[in-house]
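Structural overview for review
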Amino acid sequence: MSTQPHSSPHTVRPGTNEAMKPLPWRAVFGYGAGDAANNVAFMTTTMFLLVYYTDVAGISAAAAGTLLGLVRIFDAFADVFAGRVVDGAKVTRWGKFRPFILFGSIPLLILAFLNFHVPQIGESGMLIYAYLAYAAMGLAYSLVNIPYGSMAGAMTQRDGDRAKLASARVVGATLVSAALGALVSPMIVPGPGLQNIFTRVLLILIVIGFVLYMFCFFSTKERVHRPVARVSLRDSMKSVSSNKPLLLLMASSVFFLSAYLCLNTVQIYYVRDVLEQPTLFPLIAGGQMILTLIMVVAMPKLVTAFGKKKLYIVFSALVVLGVRGHDVIGRGRDA
């Protein structure tokens, strides 16, 4: 059963003149800054939290790895919860999605900071704190990232401008990931001062993330307003379960993202402890950034020429080959 959302002077219905106006470049850059801010929290924890647990907090690798895996499962339910919260949100004078960025960014950044400050309250107490802090950050991230992703469709009706927003999002995330790899990773070396390094780095990142979020909020505007049908969770699950192509795509995404996150998490151990070449961090980060930017430009043409399905299969195979290549190099050094 659908309901009529509240109207706002800042949003218009699809197909109107304002919805079809070209987006100013400030809005495109601002939207990209939003995903850069998201990755200040997300990629920092993905890349360095396991190292913090094992090298600073003193949590065993097995317990820390189990923690990360279980909270990832919790994140799946958090995404569903956040999605329903966003769907049910009313349109305000700032739009429907932008308020989540304004009011959710500070809690998210603070929780990212708290994840890297586990108090020494005994093994059980530390694990409880780590579970609660990481799960809370995951929920906060969902409540910011999901409306952020939905905001692109509310900013414009023009296909070309939506493509620009998608590219800006990739570029913003890539720049942050590259900066973390090139500037922060070389600093993460075992030693008594590692907690202080994490504290200083996180304080700087909180300030940068907040500035990026505010630039995103103030430079963007929701110009398209769509009524959203209210669908029960049971109906949603029933619809998904009967859609085999969607189920296959979901399963593929789960495996792909799990592998991607695992690689990002263990990369610092691999380069630092297996290859024993911490100077490679900037080179790896720079290479990843350059390749990503090239693919942002080339991907639309590749999709037109070969289709999304073929490209997905080919690039997935390249990921598998890349992982296999890392394994071969590691075994060669062990020998």
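To be clear, the structure that these remarks concern was listed above.
These lines cover the structure that appears in this document, whether it is placed above or below.

Reading the values: the criteria
- Residues numbered from 1 in each chain as written.
- Predicted model: local features only at pLDDT ≥ 70, side-chain atom pairs only at ≥ 80, totals over all residues.
- Heavy atoms only, no water.
- Helix = DSSP H or I, 4+ residues; strand = E, 2+ residues; numbered from the N terminus.
- Buried < 20%, exposed > 50% of the residue type's maximum accessible area, 1.4 Å probe, protein only.
- Areas by Shrake-Rupley, 256 points an atom, 1.4 Å probe, with all protein chains shown as cover.
- Salt bridge = Lys/Arg side-chain N within 4 Å of Asp/Glu carboxyl O.
- Axes fitted to C-alpha atoms, helices over the stretch in contact; angles between N-to-C directions.
- Parallel < 35°, antiparallel > 145°, perpendicular 65-115°, else oblique.
- Left-handed = near helix turned anticlockwise from the far one by under 90°.
- Contact = heavy atoms within 4.5 Å.
- Core = buried A, V, L, I, M, F, W, Y, C linked by side-chain atoms within 4.5 Å.
- Patch = residues over 30% accessible without salt bridge, like charges linked within 9 Å, V, L, I, M, F, W, Y side chains within 5 Å.
- Phe/Tyr/Trp six-rings, centres within 6.5 Å; stacked < 30°, edge-to-face > 60°.
- Lys NZ or Arg CZ within 6 Å of the ring centre and 35° of its normal.
- Nonpolar A, V, L, I, M, F, W, Y, C, P; charged D, E, K, R; others polar.

Considering the overall build of the protein chain
Helices and strands together make up the secondary structure of the protein chain, namely 10 helices and zero strands. In sequence order, the protein chain lays out its α and β elements as α-α-α-α-α-α-α-α-α-α. Residues counted as buried form 38% of the 335 residues belonging to the protein chain. With the model as given, the accessible surface of the protein chain reaches about 18,200 Å², and the carbon-plus-sulfur share is 71%.

Some words on the pattern of salt bridges
Summed over the entire model, instances satisfying the criterion amount to six salt bridges. With a shortest N-O distance of 3.1 Å, Arg158 and Asp161 are connected by a salt bridge. You can call Arg158 partly exposed: its relative accessible area is 31%. A salt bridge links Asp161 to Lys164, with the nearest nitrogen and oxygen atoms 3.7 Å apart. In this pair, Asp161 and Lys164 are both assigned in helix 5 (residues 159-184), three residues apart and thus about one turn of the helix distant.

So, the packing of helix 1 (residues 25-57) against helix 3 (residues 98-115)
Interaxial distance between helix 1 and helix 3 falls to 10 Å at its minimum, and their mutual angle equals 10°. Taken together, the axes of helix 1 and helix 3 are roughly parallel relative to one another. By crossing handedness, the relation of helix 1 to helix 3 is classed as left-handed. Facing helix 1, whose interface residues are Val40, Ala41, Leu49, Tyr52 and Tyr53, helix 3 presents Leu108, Leu109, Ala112 and Asn115.

Quick look at the nonpolar core
Among the nonpolar cores identified, the biggest contains 72 residues, and Phe48, Tyr53 and Ile188 are the most heavily contacted of them. Where this core is concerned, the elements lending two or more residues are helix 1, helix 2 (61-87), helix 3, helix 4 (123-155), helix 5, helix 6 (194-219) and helix 8 (244-274). Here this core takes 17 residues from helix 1, the largest share from any one element.

Comments concerning a nonpolar patch on the surface
On the surface, Ile106, Ile110, Leu114, Val207, Phe210 and Val211 cluster together into a nonpolar patch covering about 490 Å² of accessible area. Mapping Val211 onto the fold places it in helix 6. Overall, Val211 belongs to the partly exposed group, its relative accessible area being 49%.

Structural notes on the packing of aromatic side chains
A complete count under the given rule lists 10 aromatic pairs for this structure. Taking 5.6 Å as the distance between ring centres and 65° as the angle between the ring planes, the aromatic pair formed by Tyr52 and Phe116 counts as edge-to-face. Taken together, the positions of Tyr52 in helix 1 and Phe116 in the loop between helix 3 and helix 4 put the pair 64 residues apart, joining distant regions of the chain. On the numbers, 5.5 Å between centres and 90° between planes, the contact of Tyr52 with Phe198 is edge-to-face. You can see Tyr52 sitting in helix 1 and its partner Phe198 sitting in helix 6, a full 146 residues away along the chain. The rings of Tyr52, Tyr53, Phe116 and Phe198 are connected pair by pair, giving a single aromatic cluster. Across the ring face of Phe217, the terminal group of Arg98 is positioned such that the distance to the ring centre comes to 4.2 Å.

A closer look at the environment of Gly193
With respect to the element layout, Gly193 can be found in the loop between helix 5 and helix 6. By relative accessible area, which is 34% here, Gly193 ends up partly exposed. In the structure, Gly193 is positioned 137 residues away from Val56 in sequence and 9.2 Å away in space, judged by C-alpha atoms.

A few points about the environment of Val224
Inspection of the secondary structure puts Val224 in the loop between helix 6 and helix 7 (233-241). Accessibility expressed as a relative area gives 4% for Val224, which makes it buried. With 67 residues separating them in the primary sequence, Val224 and Gln157 have C-alpha atoms 7.4 Å apart.

Some thoughts on the side chain of Ser177
By the secondary structure assignment, Ser177 is in helix 5. Using a relative accessible area of 19% as the deciding quantity, one classes Ser177 as buried. Discounting residues that sit within four places of it in the chain, Ser177 has contacts with Met43 and Met47.

Let's talk about the packing of helix 1 against helix 2
Packing of helix 1 against helix 2 brings their axes to within 8 Å, and their N-to-C directions diverge by 150°. Here helix 1 lies roughly antiparallel to helix 2, going by the angle between them. For helix 1 against helix 2, the interelement crossing comes out right-handed. Listed contacts from helix 2 to Phe42, Thr46, Leu49, Leu50, Tyr53 and Thr54 of helix 1 are Ala61, Ala64, Gly65, Leu67, Leu68 and Arg72. Across the contact of helix 1 with helix 2, the residue classes break down as eight nonpolar, three polar and one charged.

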